[in-house]
Amino acid sequence: MITDEHFPALQGMFPSWITTCSAAGEPNTSVISQIWYVDENHVALSNQFFNKTKRNIAENPFAYASIINPSTLGMFNLELEFHHTEAEGDLFDEMEMKLEAIASMSGMSGIFRLLGADVYKLTSIKTFR
Amino acid sequence: MLPEITLKALVEGVGHLGSASSDKKPSHTDPLGISVDVENDLVTCFVIRSAAEKVITDLNDSGRVSYFFGLVTHEAWNFKGQFLGEVELNEEDLSKSKKFRTSMLEMMGSMGLPEDAIKSMFGRVPDVGLQFKVDHIFKQTPGPEAGQELEF
């Protein structure tokens, strides 16, 4: 369950990283701009251009992600299971706006295009350090 | 032979070592430095065993590796490969790790992050190497070429 101690790590100050696995058992690790809080048991990941992650999730719903508190550099590891994708609505709009802000700050405007908000069920969250 | 174009990010960048269990549950850990055998396509990631238990179990079980690494410029690559085994770290490895961790401490310190916090991340010394042989390379720099395989 996501609690107050996790919120600073869900603000997108530090990139997060995610590992997925294909049906054939091939892992794939990638970096994403942010993991969004949806509710205490769900988070959302931006579906931008990391197609291998998307393909893997379509074959095998499990993912492993890490987030970092920018003040303490404390890290939390999340076990996730894909739930559904949202291509419109409040969550999508919020993610799209934030991504464009991140993109323009990092000189990647127009490249960080949001295709969908992928909502995952949180299976576990553990403090790593 | 590992392509020259990947080496700067490989040696100077930050990486994440991904694995998956035999029942296809993924995991990852953060190496505290690496060594590279360019001629033989070998990469050894220096990790702390207690922090990488799940990944080590996965690698001994399924054997497949995804090593994502990149620079702050957004240049990034993904090496896919086959786990070869654990490697005992020698003085040269520990020296490479110290150099990497020192560079991270300096870089993150220059961003105004608290020293104690940075040391919790990069102050620890690795105690085992996880070696794999690279068999596929994918470009991961954001943009139209992201995901393209680099032949080598």
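That block above? That's the structure.
Throughout what follows, the structure given in this document is the object of discussion.

Conventions used here
- Positions within a chain are numbered from 1, following the residues in the order the chain's sequence is written.
- Following the order in which they are written, the chains are lettered starting with A and the ligands numbered starting with 1.
- With pLDDT at 70 or above as the cut-off, local features in this predicted model cover only qualifying residues; side-chain atom pairs require 80 or more to be listed or tallied, and sums for whole chains, interfaces and linings still use all residues.
- DSSP bridges decide pairing: two strands pair if at least two such bridges lie between them.
- Each helix is a run of DSSP H or I of at least 4 residues and each strand a run of E of at least 2, with the numbering of both proceeding from the N terminus.
- Fitted lines through C-alpha atoms give the axes, limited to the stretch in contact for helices. The angle between two N-to-C directions lies from 0 to 180 degrees.
- What counts as a contact here is a pair of residues whose C-beta atoms, placed from the backbone, lie within 7 Å.
- Three exposure classes are used. Buried residues have 20 or more other C-beta atoms within 10 Å of their own C-beta, exposed residues have 12 or fewer, and partly exposed residues fall in between, all C-beta atoms being placed from the backbone.

## Structural notes on the sheet that holds strand β3 (residues 35-39) of chain A
Residues and elements named next belong to chain A.
Turning to step 1, where the next piece is worked out: A sheet is described by the order of its strands in space; here 7 strands give the open sequence β2-β1-β5-β6-β7-β4-β3, paired in antiparallel fashion. The open sheet terminates on both sides in strands that have one partner only, identified here as β2 (27-32) and β3. Put simply, the sheet's adjacent strands are angled 35 degrees from each other on average, direction ignored.
Turning to step 2, where the next piece is worked out: Running at roughly 45 degrees to strand β1 (residues 16-21), helix α1 (residues 51-59) makes contact with β1, β2, β4 (42-47), β5 (62-68) and β6 (75-86) of the sheet.
Turning to step 3, where the next piece is worked out: The strands touched by helix α2 (residues 90-105) within the sheet are β3, β4, β6 and β7 (116-127), with β4 carrying the most contacts at an inclination of about 55 degrees.

## Section: the pairing of strand β4 (residues 42-47) of chain B
Residue and element names in this part refer to chain B.
Turning to step 1, where the next piece is worked out: With 5 of 6 residues buried, β4 lies mostly within the body of the structure.
Turning to step 2, where the next piece is worked out: Here 4 bridges tie strand β3 (residues 34-37) to β4, and the two strands are oriented antiparallel to one another. In the strand pairing of β4, isoleucine 34 is matched with cysteine 45.
Turning to step 3, where the next piece is worked out: Taken together, β3 and the strand that follows it, β4, pair antiparallel across an intervening segment of 4 residues, in which aspartate 41 is found at a positive phi of about 60 degrees.

## Structural notes on unusual backbone geometry
Turning to step 1, where the next piece is worked out: A positive phi angle, close to 60 degrees, is found at leucine 73 of chain A, a residue other than glycine.
Turning to step 2, where the next piece is worked out: Positionally, leucine 73 of chain A belongs in the loop between β5 and β6.
Turning to step 3, where the next piece is worked out: The residue lysine 24 of chain B is not glycine, and still its phi comes out positive at about 65 degrees.
Turning to step 4, where the next piece is worked out: With respect to the secondary-structure elements, lysine 24 of chain B resides in the loop between β1 (14-20) and β2 (26-29).
Turning to step 5, where the next piece is worked out: Overall, lysine 24 of chain B belongs to the buried group, with 20 C-beta atoms counted inside 10 Å.

## Digging into the environment of leucine 94 of chain B
Turning to step 1, where the next piece is worked out: Turning to its location among the elements, leucine 94 of chain B is positioned in helix α3 (residues 91-110).
Turning to step 2, where the next piece is worked out: Leucine 94 of chain B sits 48 residues away from phenylalanine 46 of chain B along the chain, and the two C-alpha atoms are 8.5 Å apart.

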